[in-house]
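Fold and geometry: a report
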There are 2 protein chains.
Amino acid sequence: MKISSLGEFGLIKHLTEKITLCNSSSVKGIGDDCAVIKYPDRPILVTSDILMEGIHFDLTYCPLKHLGYKAAMVNFSDVYAMNGTPRQLVVNIAVDRRFSVEDMEALYSGIQLACDAHQVDLIGGDTSSSLTGLVISPTCIGEGEEGRVVYRNGAHDTDLICVSGNLGAAFMGLQLLEREKSVYLQQQKEGKNTTSFQPDFTGKEYILERQLKPEARRDIVESLRKADVLPTAMMDISDGLSSELLHICNQSHTGCLVYEERIPLDYQTAVMAEQFNMNVSTCALNGGEDYELLFTVKLSDYEKVKDMDSVRIIGRITRPEWGCKLETRDGNTFDLKAQGWNPLQEDKEEPAQKP
Amino acid sequence: MKISSLGEFGLIKHLTEKITLCNSSSVKGIGDDCAVIKYPDRPILVTSDILMEGIHFDLTYCPLKHLGYKAAMVNFSDVYAMNGTPRQLVVNIAVDRRFSVEDMEALYSGIQLACDAHQVDLIGGDTSSSLTGLVISPTCIGEGEEGRVVYRNGAHDTDLICVSGNLGAAFMGLQLLEREKSVYLQQQKEGKNTTSFQPDFTGKEYILERQLKPEARRDIVESLRKADVLPTAMMDISDGLSSELLHICNQSHTGCLVYEERIPLDYQTAVMAEQFNMNVSTCALNGGEDYELLFTVKLSDYEKVKDMDSVRIIGRITRPEWGCKLETRDGNTFDLKAQGWNPLQEDKEEPAQKP
């Protein structure tokens with residue numbers, strides 16, 4: 001069905017009429033000039049992203065439902081990274097004429113799935129047409145707790161550096177998808193029948209899922225709360241571990257020392273890096289989009305975090321004059337460099353797909 | 001200067017380092033995973049827009065500073081339309097390679113000018129590259145007062161319908177700009193020297209300003225507050241009077257009767273409509289982007305609003321079975337129809353510039 005047959009208000013009504021609000025902080029959702037929310041006794045967290053087709057996602061291999069899910073999830077991740085809980089989501093979307101009402105339904109079903117999984121209310125959004133390409137701009141509002149909002153600038157000398165899950169998997173998933181896409185395009189170019197093109201992804205499901213369907217780490221925030229650990233600094237890893245660690249050290253006026261051998265890796269990530277002839281640690285340090293949490297805790301919390309599920313201590317915060325360092329497996333020490341994704345770089349002929 | 005020479009973080013730092021926060025509700029601005037705000041005793045209003053190049057604006061005649069100003073202002077307008085006060089703004093921007101650091105400075109200076117005029121804090125935003133065209137997605141957060149948030153659904157039979165300012169001016173300004181643009185393009189096509197092309201806009205400044213530099217009507221919200229008038233329903237006029245009135249009647253389950261002769265018009269709007277051989281009332285009813293306030297008040301508030309500065313009573317709310325009607329100057333009655341701007345229409349070869 002053509003979107004124009006419904007019009008802006010018709011489309012919004014069609015996509016949102018079944019939405020119900022589950023949070024007491026959501027007073028009024030879609031349908032007025034503003035949504036209305038209430039947080040009488042808490043700090044409120046606000047984060048916003050803009051995701052551009054061809055820059056942040058490629059619809060050749062990213063289904064719209066997954067894209068909607070991911071767009072919501074990466075916003076939730078920012079709220080968890082402040083030690084908060086996401087509660088409301090506003091999603092602005094601009095679409096060009098390639099897209100049908102069914103496409104929008106798929107996109108929204110992904111957004112809704114993510115919202116349901118994290119008990120977040122979809123309370124608004126603007127819908128527009130676009131001359132070229134899909135744009136998604138989500139804004140998430142969440143609640144913090146008084147005195148327990150965790151910033152990037154609170155790390156201190158001797159704090160332990162921790163990460164959740166494992167790193168580099170989303171990046172390797174992207175490499176795999178990009179490779180298969182180029183094979184497909186090459187076959188097309190050579191005039192081969194590509195209608196049945198179906199790459200074999202057996203044994204690579206995990207890294208693909210990490211790229212296409214990331215999960216925000218609410219579980220980690222909850223584990224820390226249960227263990228009565230308040231991180232001194234925290235952020236989510238969207239641009240790569242190196243880049244994020246430098247943000248924390250820069251804002252906290254500290255140095256850091258990270259041990260390469262402590263960086264958590266998944267088996268599939270390592271195998272795929274090997275296949276691509278890439279250094280897996282480099283992928284883990286600089287590959288983005290893992291949406292794991294990077295946080296620092298006081299040394300006195302060591303006992304509480306050392307055996308925590310899905311948490312790995314990878315190094316420690318040092319005095320600023322020591323700089324930000326990586327100690328490799330062979331005992332050498334290098335400066336950590338932010339080689340993460342730069343969405344405004346211009347040094348390639350084609351703008352880089354993230355990361 | 002090339003944006004790529006600064007990178008994402010460098011650009012954000014460059015554009016935002018001088019920003020200071022003026023509202024007590026703004027706890028933490030740009031620089032972390034989320035901004036942090038606090039509203040301990042008030043309902044919070046949230047509104048968001050997405051503005052696409054070629055759809056919502058044309059950089060041929062819209063300077064970047066004006067564009068930034070307008071993007072912020074139309075968001076503020078939505079907060080005023082709920083009887084609220086805008087306090088925080090988040091602006092996401094995606095730019096392609098045509099744009100320089102200086103361009104971004106111009107855009108931000110317009111945003112900042114609007115923020116300063118309304119005491120709004122710029123607390124965050126995402127910056128990305130775009131393959132084609134500029135995208136601006138602003139989100140505004142404002143405060144309401146308990147029990148005094150005004151929705152679209154509160155109008156009742158016998159309420160008076162009021163509008164602020166005058167209508168159709170922004171639409172006529174757009175017509176004028178579009179005409180001069182097509183003259184310019186025609187001259188270019190004919191190989192004429194267009195470097196000195198400078199249309200004479202004398203006597204048309206007002207309608208151009210209404211299109212290029214709209215002002216959100218905080219003054220009207222303040223006047224109503226001072227006069228102790230709480231509108232029963234309110235919204236801002238972005239898509240045209242007819243369209244907005246139908247929203248209010250639809251959501252309030254009422255009809256309405258509007259008198260054509262009561263619709264406020266500016267002299268320049270009327271002159272320009274005459275020149276374009278357009279019916280000025282049609283322009284006022286269906287032209288968008290005036291960002292005036294449309295509101296309904298109880299009949300008992302008549303004395304308080306009848307002589308209010310910049311406010312005109314244009315009709316009244318009726319029972320739903322009477323429908324939504326316009327009484328023309330010659331005494332005929334027609335159904336009001338929403339012929340306002342549809343950002344998802346597809347019936348033209350080129351996507352329509354708003355409205």
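Residues numbered from 1 in each chain as written. Chains lettered and ligands numbered in written order. Predicted model: local features only at pLDDT ≥ 70, side-chain atom pairs only at ≥ 80, totals over all residues. Heavy atoms only, no water.

When helices and strands are counted, chain A shows ten helices and 15 strands. In terms of overall dimensions, chain A is globule-like: its C-alpha atoms have a radius of gyration of 21 Å, near the 20 Å expected for 355 residues. Considered along the principal axes of its C-alpha atoms, chain A spans approximately 65 × 60 × 35 Å. The buried share of chain A, reckoned over its 355 residues, is 59%. (Helix = DSSP H or I, 4+ residues; strand = E, 2+ residues; numbered from the N terminus. Rg over C-alpha atoms; globule rule 2.2 N^0.38 Å. Buried < 20%, exposed > 50% of the residue type's maximum accessible area, 1.4 Å probe, protein only.)

What links the strands of a sheet is backbone hydrogen bonding, and the strands pair in either a parallel or an antiparallel sense. All names here are of chain A. Pairing within the open sheet is mixed, and its seven strands lie in the order β10-β12-β9-β13-β11-β14-β15. The open sheet has two edge strands, β10 (233-236) and β15 (333-335), and neither has a second partner. The average undirected angle you get between the axes of adjacent strands in this sheet is 25 degrees. Pairing geometry for strand β9 (residues 160-164) and strand β12 (residues 293-297), over four bridges, is antiparallel. Considered in β12, the bridge of Leu160 is made with Val297. Together, β9, β12 and β13 (311-318) form the strand contacts of helix α6 (residues 218-226), whose direction differs from that of β12 by roughly 15 degrees. In the packing of helix α7 (residues 241-252) onto the sheet, contacts are made with β9, β10, β11 (255-259), β12, β13 and β14 (324-327), and the angle to β10 comes to roughly 150 degrees. (Pairing = 2+ DSSP bridges. Axes fitted to C-alpha atoms, helices over the stretch in contact; angles between N-to-C directions. Contact = heavy atoms within 4.5 Å.)

Time to look at the relation of the copies chain A and chain B. Between chain A and chain B, which share one sequence, the superposing operator has a rotation angle of 180 degrees and an axial displacement of 0.0 Å; the RMSD is 0.0 Å. As the rotation angle and translation indicate, the two copies are arranged about a two-fold axis. Minimal C-alpha distance to the rotation axis in chain A is attained by Pro40(A), lying at 2.2 Å. Counting the interface residues of chain A, we find that 100% of their copies in chain B are interface residues as well, pointing to one common contact surface. (Least-squares fit on C-alpha atoms with pLDDT ≥ 70 in both.)

For the rest of this paragraph, the subject is the pairing of strand β9 (residues 160-164) of chain B. Residue and element names in this part refer to chain B. In terms of burial, β9 is largely enclosed, as five of its five residues are buried. Side chains Leu160, Cys162 and Ser164 project from β9 onto one buried face, and the interleaved Ile161 and Val163 project onto a second face that is buried too. The sheet contact formed by β9 and strand β13 (residues 311-318) spans five bridges and is antiparallel. For Val163, the partnering residue across the bridge sits in β13 and is Arg312.

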